[in-house]
Amino acid sequence: MSRTQAEAEPPPDPSTEPPPGDDHAFFGQPRGLLTLSGLEVWERFSFLGMQAILVLYFADSVGHDGMGMDSGTAASVSAAYGTLVYLVSVAGGWLADRILGSYRAVLWGGILIACGHYSMAVPTATMTWVGLGLISAGTGLLKPNVASMVGKLYRTDDDRRDAGFALYYMAINVGAFAGPLITGWLGEHRGWHWGFSAAAIGMTFGLVQYVLGRRHLAGRKATAEFALPRDAMRRAVFLIVVGFVAVAVVGGLLAAVGWLTMDRFVDLLTLISVIAPAVYFAVMFRSPRVTAEERGHLKPYIVLFLASVVFNFILFQAYSTMILLASTNAETSILGFTFPASWYASALGAFEVALAPVVAAVWAKMGHGQPHASDKIAFGVILGGLSFLLMVLPTSGHSDDTYKMAVWWIVGSYLLLGLGDILVETSGMSATTKLAPKAFASQTMSLWFLSLALANGIQAQTVKLYGEVSNPAYFGVNGAIAVAAGVAVILLAPWLRRTMHPVH
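Everything in this summary refers to the structure shown in the same document. Just so we're clear, the structure is a prediction, and the values are computed from it rather than from any experiment.

Now for empty space enclosed by the protein. Under the definition given, this model contains 1 cavity of 30 Å³ or more. The calculated volume of the largest cavity comes to roughly 30 Å³. As for the largest cavity, its lining consists of Gln-51, Ser-78, Ala-79, Phe-316, Tyr-319, Ser-320, Asn-456 and Gln-459. Among the secondary structure elements, those contributing two or more residues to the lining of the largest cavity are helix H3 (71-100) and helix H16 (444-462). In terms of residue class, the lining of the largest cavity is built from 3 nonpolar, 5 polar and no charged.

Structure (C-alpha cells):
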C-alpha cells in the first residue's frame, strides 16, 4: 500500500472498535465480553427465573394470589408467551440493523424487560398482562443483538472467538441456574409477585453494569450499522407506531366485545408461528439474490430447522408441564431439606454449565473424526425424546394422582435434556450461519428464532392435553415422536452430508 493510499484512509471509528488495552483484560478475552456476559447472566436470571414460576402462578388459585387457570390452560398461555417473545425477536434484529443500532437496541430492550418485571410485581391481573407484553418486546430487542455484539469484539481471524462464545454461553446458563433458585423460593414462600420483583431487580443490575461498561464495547455508536436513509427511517418509524397503535386498538375492541378470548389469542400466535417460517423460506427460495448452490443448501437446512422445532418443543416444556408435574407428583425434599418445585428448573442450567466444556473437549479431541453436524442434532433430538420417555416409568401404575416420584426421576430427565440442548443449539446455530444464503446472512438469527417460535406455537396447542390425558400417555407419545424425528434425521444422514457439503 502506498503512503498516499494510507493517508487517504480515514481513521477507524472508535465506537466500532474496543479500546486497545481491553484486548486481553478478561481471562485473555476482551473486557467487553465481561460486560455482555454480565448482562446475559442477569437477563437469563430474570427471564428464566420468572418463567420457572409463571406456569405455577397461572395455575394457582385466585385465593393464593394466582390466576386460577387449569393446568393445561396455564401451560398453553405460558407457551404462547414464549411464542410471542421469539416472534418479536425477528423484528428486533431488523430494528437494530436499520434504526436503533445494536447498543441502543439492547439498552432499550433491557429497560422494557425491567419495566415488565416491575409491572408483574404489582398484584393485579391487568399488570401481569402489561408486564408480559413489555418483557416480550424487550426480549425481542435484546436477545438477538447481544450475541451480535459479542461477535463484534473480535476480528474475523481471531482464534479466541470460539472460546469467547463458550464463556458467553456459560454465563447464560449461570443465569438460568440461579434465576429459579431465587424467584422460586420467594414465589412459593412469600408470594408470586415477590418472585417477579426479584426478576426485576436482577434485570436492573444487568442494565447498570451494561451502561457502566459501555466504553469497552465495539459497535456502540449511536446510529445503526445499516441505517435506512433519513426519509425512509422516518416513514418506517411512523408505520411502526401507527401499526402498533392500530393492533392495540383493534385487539382491545375485539377483547371488549368478547371475541378475542385468551384461547383465540393463543391460536392466533400459533398460526403466525407456522406462517412466518413458511413465508421466510419461500422468500429465500424465490429470491434472485440466492444462487442455485445456496438453494441446494437450504433444502437440508429445512430438515435441521424442523429437527430444532421438535427438540425445542420438548425443551420448553421443562418450564411448563415438567414444572407442573414436579409441583404435584414429585418429592421436594432431599435429606430433610425441603425446596420449591420450581427449583427443578435450575437443574437444567446446572447440567448445561457442567456438560458444555466436556462436550467441547470431546469434539476438540476427536477433531475431524467428530460426528457430522446433522448427526449431533439428531442425537440431541433423541435425547430430548428420551427425557420424556423416562417420565413414563414413574408416572405409570398408580391408582390415583396422589403418588410422589423420587427427585432423581425429574433430575435424570433434565440431565438428558441438558445434554441434548448442548448438541442441538451449538450445532444448529453453527449450521444456520453456514447454510443461510449470503444475501440473508445478517438475518440468520431471525431464522433460528423462528424455529423456537414455531416450537412454542406447537407447544401452546399440545399442552392443552396435559391433565386431560394420563401422564404416561402424554409424556410417552410426545417423547416417542421426538425419538422418531431424531432417527429420521440419522436415516437422512447420507443425503444431508452430500447436500450440506462443504459444511461438516
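Looking at where Ser-308 falls in the secondary structure, it is placed in helix H10 (residues 292-315). Not counting the four nearest positions on each side in its chain, Ser-308 is found in contact with Val-424, Trp-448 and Ser-451.

It is worth spelling out a nonpolar patch on the surface at this point. Taken together, Trp-129, Met-262, Phe-265, Leu-268, Leu-271, Ile-272, Val-274, Ile-275, Val-279 and Val-283 make up a surface patch of nonpolar side chains, about 800 Å² in accessible area. A per-element tally of the nonpolar patch places helix H9 (residues 262-286) first, with 9 residues. Its location among the elements puts Phe-265 in helix H9. Relative accessible area serves as the criterion here: at 32%, Phe-265 is assigned to the partly exposed category.

On to the side chain of Thr-499. Its location among the elements puts Thr-499 in helix H18 (residues 493-500). Residues contacting Thr-499, with those up to four places away along its chain left out, are Gly-296, His-297 and Pro-300.

Now for the nonpolar core. Membership of the largest hydrophobic core comes to 96 residues, with the highest contact counts inside it found for Met-50, Phe-58, Tyr-344, Ile-410 and Tyr-414. With 11 residues, the top contributor of residues to this core is H10. Setting aside anything within four residues of it in sequence, one finds Met-50 in contact with Phe-45, Tyr-81, His-117, Met-120, Leu-132, Ile-135, Thr-183, Phe-196 and Ala-199. Among the nonpolar cores identified, the runner-up in size contains 22 residues, and Ile-113, Ala-114, Met-203 and Leu-217 belong to it.

Let us now look at the packing of H10 against helix H17 (residues 471-491). Each pair of packed helices can be described by the angle between their axes along with the distance between the axes. Packing of H10 against H17 leaves a shortest axis separation of 10 Å and a crossing angle of 155 degrees. Judged by the angle between their axes, H10 and H17 are roughly antiparallel. H17 is crossed by H10, and the crossing has left-handed handedness. Across the interface between the two elements, Val-303, Ala-307, Val-310, Phe-313 and Ile-314 of H10 pack against Asn-478, Ala-482, Ala-485 and Val-489 of H17.

It is worth spelling out the layout of surface pockets at this point. Take a probe with the size of a water molecule and roll it over the atoms, and the empty space left behind shows itself. Considering only enclosed or pocket space, the second largest pocket measures out at about 1800 Å³ in volume. Lining the second largest pocket are 44 residues, with Leu-84, Val-88, Gly-133, Phe-244 and Val-247 sitting closest to its centre. Elements with a minimum of two residues in the lining of the second largest pocket: H3, helix H4 (102-120), helix H5 (125-151), helix H8 (230-256) and H9. Along the lines of polarity and charge, the residues of the lining of the second largest pocket split into 35 nonpolar, 9 polar and no charged.

Right, let's talk about helix H7 (residues 192-212) for a bit. In this model, H7 (21 residues) spans 31 Å end to end at C-alpha, consistent with the 30 Å of a helix rising 1.5 Å per residue. Trp-192, His-193, Gly-195, Phe-196, Ala-198, Ala-199, Ala-200, Gly-202, Met-203, Gly-206, Leu-207 and Tyr-210 are the residues of H7 that are buried.

Cut-offs applied
- Residues numbered from 1 in each chain as written.
- Predicted model: local features only at pLDDT ≥ 70, side-chain atom pairs only at ≥ 80, totals over all residues.
- Heavy atoms only, no water.
- 1 Å grid on protein atoms, 1.4 Å probe; cavity = no way out; pocket = protein on both sides within 12 Å on 5 of 7 lines; lining within 4 Å.
- Points joined across faces, edges and corners; volume = space filled by probe spheres on them.
- Helix = DSSP H or I, 4+ residues; strand = E, 2+ residues; numbered from the N terminus.
- Nonpolar A, V, L, I, M, F, W, Y, C, P; charged D, E, K, R; others polar.
- Contact = heavy atoms within 4.5 Å.
- Patch = residues over 30% accessible without salt bridge, like charges linked within 9 Å, V, L, I, M, F, W, Y side chains within 5 Å.
- Areas by Shrake-Rupley, 256 points an atom, 1.4 Å probe, with all protein chains shown as cover.
- Salt bridge = Lys/Arg side-chain N within 4 Å of Asp/Glu carboxyl O.
- Buried < 20%, exposed > 50% of the residue type's maximum accessible area, 1.4 Å probe, protein only.
- Core = buried A, V, L, I, M, F, W, Y, C linked by side-chain atoms within 4.5 Å.
- Axes fitted to C-alpha atoms, helices over the stretch in contact; angles between N-to-C directions.
- Parallel < 35°, antiparallel > 145°, perpendicular 65-115°, else oblique.
- Left-handed = near helix turned anticlockwise from the far one by under 90°.
- Expected span 1.5 Å × (residues − 1).

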